[in-house]
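Next come the chains, spelled out residue by residue.
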Amino acid sequence: MRAAAIITAAGSGSRMEISTNKVLLPFGGGTVVEAAVLPFANPDKFQKIIITYSPADKARLQEVLKDIAVPVQFVEGGSTRQESVYKGLEALATDNPGVVLIHDAARPWLTEELVAAVLEQAEKTGSSVPVVPSINAMKVVDEKGLILHHLKREQTFSAQTPQGFSYTGILEAHIKAGKENFSAIDDTELWDRYKGPVSTIPGDTANKKITYKGDL
Ligand SMILES: C[C@](O)(CO)[C@H](O)COP(=O)(O)O
C-alpha cells in the first residue's frame, strides 16, 4: 500500500521576523517549500501529498507546487501545527493510506534517502522519527530562569521530520488529544501518549529547520 505525506506550510514564521511566509523564500533555484516537498514526489511510494496552508499563501503555494509528480491537495491549516496536521489527516480519510509521513515545509534539506528510511521503519513498527544527538548540554530551566535539571547528553536528541506513523494510529491519537484538549509539541508526543513508544532512526544533521533569519 502506498503512503501519503502531510507537509505543514501554514506557520506564521513569526520568529523569522519577515512578512513573507519563510517557506516561500527562494531556495536552490526554487523555493523552500518545493525543496521540502520534492523528496516525496515519487508516485511508486506516495499516493498523495497534503499541503496545509494559511489563506494568504494559498495561490502562491499552488503555483510553485503545480508540477509535482504526485497528486497534491491543499488543506487550510489551523491555528496550531497540531490542528493543521489533524486537518490534513482528516482530508486523507477516503485515501486511507497505510502510513503517513508528516514533514515541516521549513526543512528543505531533506533527502530521498531519509524519506525512505522513515517510511521503512514506520511500515515495520507503526511509528518512526529521525533523531540526531544533541551537540549542546541540555538543561531544564524554570520560569525564573534557573536550571532545574541537567540532562544526560547521551540521552538527549533533537527530533526531526518527516515523522512517520500508521495512518489509523496517528489519526486516533489526534482525535483523543482533541477530546482531552491536549496540545503536543509534535506528533511523536501524541503517539507516545496514546499509542506507545516511538521508534527512532538516525536522522541527518543536514536536515535542519529554518526558524530564524540566519538559518537560511
Ligand atoms: C516537528 C518539529 O520539527 C520537531 O523538531 C518541530 O517541533 C516543529 O517546530 P515548529 O516550531 O512548529 O516549526
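Residues numbered from 1 in each chain as written. Predicted model: local features only at pLDDT ≥ 70, side-chain atom pairs only at ≥ 80, totals over all residues. Heavy atoms only, no water.

*Asks:* Let's hear about the nonpolar core: which residues, and what values?
*Replies:* Of all hydrophobic cores here, the largest spans 35 residues; its most connected members are Val23, Val33, Phe40, Phe46, Ile49, Ile51 and Leu61. The greatest single-element share of this core, amounting to five residues, is contributed by helix H4 (residues 112–125). Not counting the four nearest positions on each side in its chain, valine 33 is found in contact with Val23, Leu24, Leu61, Val64, Leu65 and Ala105. Counting residues in hydrophobic clusters, the runner-up holds 23 residues, among them Val75, Leu89, Val129 and Phe165. (Core = buried A, V, L, I, M, F, W, Y, C linked by side-chain atoms within 4.5 Å. Buried < 20%, exposed > 50% of the residue type's maximum accessible area, 1.4 Å probe, protein only. Helix = DSSP H or I, 4+ residues; strand = E, 2+ residues; numbered from the N terminus. Contact = heavy atoms within 4.5 Å.)

*Asks:* An account of the environment of alanine 41 is requested, with residue identities and associated values reported.
*Replies:* Within the fold, alanine 41 resides in the loop between helix H1 (32–37) and strand S4 (46–53). Spatially, the C-alpha atoms of alanine 41 and alanine 206 are 20 Å apart, while their sequence positions differ by 165 residues. Those residues in contact with alanine 41, other than ones at most four positions away along the chain, are Ile49, Ile68, Ala69 and Val70.

*Asks:* So what's going on with the packing of helix H3 (residues 81–91) against helix H5 (residues 167–180)? Residues and values would help.
*Replies:* Contact geometry of H3 with H5 gives a least axis separation of 10 Å together with a crossing angle of 130°. Taken together, the axis directions place H3 and H5 in an arrangement best described as oblique. Considering how the two elements wind past one another, H3 and H5 form a crossing that is left-handed. Between H3, through Gln82, Val85, Tyr86 and Leu89, and H5, the contact on the second element is made entirely by Tyr167, Ile170, Leu171, His174, Ile175 and Ala177. (Axes fitted to C-alpha atoms, helices over the stretch in contact; angles between N-to-C directions. Parallel < 35°, antiparallel > 145°, perpendicular 65-115°, else oblique. Left-handed = near helix turned anticlockwise from the far one by under 90°.)

*Asks:* Any chance you could break down the side chain of asparagine 207 for me, citing the residues and the numbers?
*Replies:* Mapping asparagine 207 onto the fold places it in the segment after strand S12 (200–202). When its relative accessible area of 1% is taken as the criterion, asparagine 207 is described as buried. A polar side-chain atom of asparagine 207 sits 2.8 Å from the main-chain carbonyl oxygen of threonine 161. If we ignore the near neighbours within four places in the chain, the residues touching asparagine 207 are His103, Arg107, Trp109, Leu110, Leu114, Gln160 and Thr161. (Polar contact = N/O pair within 3.5 Å; in protein donor to acceptor, adjacent residues only side chain to side chain.)

*Asks:* Lay out a nonpolar patch on the surface with the relevant residues and their values.
*Replies:* Together, Met138, Val140, Leu148 and Leu151 give the surface a local cluster of nonpolar side chains, amounting to about 310 Å² of exposed area. Relative to the helices and strands, leucine 148 is located in strand S9 (residues 147–150). (Patch = residues over 30% accessible without salt bridge, like charges linked within 9 Å, V, L, I, M, F, W, Y side chains within 5 Å. Areas by Shrake-Rupley, 256 points an atom, 1.4 Å probe, with all protein chains shown as cover. Salt bridge = Lys/Arg side-chain N within 4 Å of Asp/Glu carboxyl O.)

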